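Observations on chain architecture
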Amino acid sequence: MSNISLGIIGGGQLGSMLTVAAKKFDIKVVVYCDDKDGPAQNFCDEYIHASYNDQNKINEFVQKVDLITYEFENIPYQTLNEMNNSKPVLPKPSVNRIIQHRIAEKDFVNKFNIRTTRYAVVEKKSDLEALGDLLPGILKTTTLGYDGKGQYPIKSHEDIEKLNIDFSKEYILERLIKLKQEISVIVTRFGVNSYEVYEPIENKHEDQILKYSEIPANISENILNQSKEWATLLAEELKYVGTMCVEFFVDRNDNLYVNEIAPRVHNSGHLTINAFNVSQFENHIRAVCKLDRIPLKKLSNAKMINLIGEDILHYRQNPTLEKNQFFFDYLKKEVKKKRKMGHLTTLI
Ligand code: ADP
Ligand code: MG
C-alpha cells in the first residue's frame, strides 16, 4: 500500500469510480457518505456512514486521512472549510462557494468575457413579472439543483400563475437558448498552466437528465478550440486542482455558451475509462495526490448510454456484450425512476 490516505466525501457512482482509480495506486481510501447503502463501500478501505453535519464523525474522518476530495459539489461550504483547516481539501473550498450558487457561478464566468445565457435573480413572484424579456426561460433554484431538479420551464406570464413555486427559496431565471447541441469539456488541472484536457464530448439529455454521450462531438473546429480554451481558462482562474467539467450549449447560430461548471468528475466523462489511456477519475487522483501527469492519448472513439431506473434490469440479467462494449453496474440496491443505475460504453 502507498503511504497516502485519501478521504472522499460522497459514496455514489462517482465516489466509487474515484476509489477504484485510487486503488490502482494502492492509495488507502476512506469514504464519508450520508447514505448507508452508498456503493463506494464495495471498493474503499473504510466507509464512514454519517450525516454531513455530524461534527464527531467528521473529526474522525479528518483524523484518518492526509487529504480530502469529493464527488459532489453540494457539501456545505462551512464543512469543507473547517476540514481544510486541518487537512488539505482539493479542489479548495472557495471553488465550491462560487459554483454552488448559480448566480455567483454565472457572474464569475462572465467576468472573463465568456458567454452565458442572460439571467436575473428572482426572490419573489413580482420579480418574475418584471422579467418578460427573459421569457421563454427556465426558473432554477440558485443552489442544490441537479439532474433538472428544482427547475421550472416558463413560456409566458400565464405559466407564472399556474406554477406553484415555493418562494421561500431563491431562484435564477435564465433565458431559454434555442439549443442545437450540448457539449462538455473535461479538464484536469495539476498546477499553474499544467493541464490535461479531453476533447469535447457531445451530450443528449432526456427529461433534463443526461442520457447519451459521444466522442467525437459533431462540432466545428472553431467550437472545439473555443470550448477547450474557455474550460482551461476557467480552471486556471479558479486555481483548480483536479478534474472538473464545463457544460456548454451550442445554439442554432453556432454560438457557444457556458451552461455550468461541475467542480468534480462528470457523468459525461465515463467514456474516458475505456476510450483514453488515463480516465478522468485517474487524472483526478493523479492531480490531487501529486502523482505524475502523463500525456493524454485517445485510444478510440466511443459512445456511452446511461442506464436509468429499470434500464439496468436487462443488463443485470443478460450481460451478453460485444468485445467493444463495457457495462458498469453502480451496485445501487434500490432501482428508482430517474436514478442513474449504471452505464454502457461502446468503443466505435
Ligand atoms: P443541472 O444542474 O440539473 O444539470 P442544468 O442547468 O445543466 O441543470 O440544466 C439541465 C438541462 O436543462 C441542460 O443540460 C439543458 O438540456 C436544459 N437547460 C437548462 N438551462 C437551459 C437554458 N437556459 N436554455 C436551454 N436549455 C436549458
Ligand atoms: Mg447540468
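Residues numbered from 1 in each chain as written. Chains lettered and ligands numbered in written order. Predicted model: local features only at pLDDT ≥ 70, side-chain atom pairs only at ≥ 80, totals over all residues. Heavy atoms only, no water.

Some remarks on empty space enclosed by the protein
Selection rule: Put simply, the grid is 1 Å and covers the protein atoms alone, a cavity is a trapped set of points that fit a 1.4 Å probe, a pocket is an open set with protein on both sides within 12 Å along at least five of seven lines, and lining residues have an atom within 4 Å of a point. Grid points are joined across faces, edges and corners, and a volume is the space filled by probe spheres set on the points. Put simply, DSSP marks the helices as runs of H or I at least four residues long and the strands as runs of E at least two long, and each gets a number from the N terminus on. Think of it as three bins: nonpolar holds Ala, Val, Leu, Ile, Met, Phe, Trp, Tyr, Cys and Pro, charged holds Asp, Glu, Lys and Arg, and polar takes everything else, Gly as well.
Applying the stated criterion across every chain, the model contains 1 cavity of 30 Å³ or more. Size it by volume and the largest cavity reaches roughly 40 Å³. Forming the walls of the largest cavity are E182, I183, S184, N203, H205, L210, E247, F248 and H266. Those elements that provide at least two residues to the lining of the largest cavity are β9 (179-191), β11 (201-206) and β13 (242-251). Here the lining of the largest cavity takes 3 residues from β9, the largest share from any one element. Here the lining of the largest cavity is composed, by residue class, of 3 nonpolar, 4 polar and 2 charged.

Focus: the packing of aromatic side chains
Cut-off, in case you're wondering: Any two rings among Phe, Tyr and Trp, with Trp reduced to its six-membered ring, count as a pair given centres within 6.5 Å; such a pair is stacked if its planes are under 30 degrees apart, edge-to-face if over 60, and tilted if neither. The cut-offs for exposure are 20% and 50% of the maximum accessible area for each residue type, with area from a 1.4 Å probe on protein chains only; residues under the lower value are buried, those over the upper are exposed, and the others partly exposed. By the criterion adopted, a ring carries a charge over it if an Arg CZ or a Lys NZ lies within 6 Å of its centre and within 35 degrees of its normal.
Summed over the entire model, instances satisfying the criterion amount to 8 aromatic pairs. An angle of 35° between the planes, with centres 5.9 Å apart, marks the rings of Y32 and Y52 as tilted. Taken as a pair, Y32 in strand β2 (residues 28-33) and Y52 in the loop between β3 (46-49) and α2 (55-64) lie far apart in primary sequence, 20 residues in all. Judged by relative accessible area, Y32 falls into the buried class, the value being 1%. Here Y198 and F276 contribute two aromatic rings whose centre-to-centre distance is 5.0 Å and whose plane-to-plane angle is 85°, an arrangement assigned as edge-to-face. Of this pair, Y198 sits in the loop between β10 (194-197) and β11 while F276 sits in the loop between α9 (272-275) and α10 (280-288), and the two are 78 residues apart along the sequence. Across this residue pair, the class does not change: Y198 and F276 are buried. Pairwise contacts between aromatic rings join Y32, Y52, F61 and F72 into one cluster. One Lys or Arg, R115, reaches over the ring of Y257 and ends 5.6 Å from the middle of that ring.

Here's the deal with the layout of surface pockets
Within this model, the second largest pocket holds a volume of roughly 370 Å³. The wall of the second largest pocket is formed by 17 residues, among which M17, V20, A21, I273 and F328 lie closest to the centre. Of all the elements in the fold, those that place two or more residues in the lining of the second largest pocket are α1 (13-23), α10 and β16 (325-329). Here the lining of the second largest pocket gets 5 residues from one element, more than from any other, and that element is α1. The class makeup of the residues in the lining of the second largest pocket is 10 nonpolar, 4 polar and 3 charged.

What about the coordination of the magnesium ion (ligand 2)?
Selection rule: Donor atoms: N, O and S within 2.8 Å of the metal, or within 3.2 Å for Na, K and Ca. Because water is excluded, sites can look incomplete.
Protein ligation of the magnesium ion (ligand 2) involves E247 (OE) and E260 (OE), the donor distances falling in the range 2.0 to 2.3 Å. Here E247 is found in strand β13, whereas its partner E260 is found in strand β14 (residues 256-262), with 13 residues between them in sequence.

Notes on the domain arrangement of the chain
Here is the rule we go by: For the domains described, the bounds stem from an automatic or database domain assignment. The contact rule is simple, with two residues in contact once any of their heavy atoms fall within 4.5 Å. Salt bridges are counted wherever a side-chain nitrogen of Lys or Arg sits within 4 Å of a carboxyl oxygen of Asp or Glu.
Taken domain by domain, the chain comprises domain 1 (5-89), domain 2 (118-175) and domain 3 (179-347). Between the C-alpha centres of domain 2 and domain 3 the distance comes to 28 Å. Each partner contributes residues to the interface: domain 2 has 4 residues there, and domain 3 has 4 residues. Here domain 2 is connected to domain 3 by 0 salt bridges. When its residues are assigned to classes, the side of domain 2 that touches domain 3 shows no nonpolar, 2 polar and 2 charged.

A few points about the side chain of N96
Position of N96 relative to the elements: it lies in helix α4 (residues 93-99). Overall, N96 belongs to the buried group, its relative accessible area being 0%.

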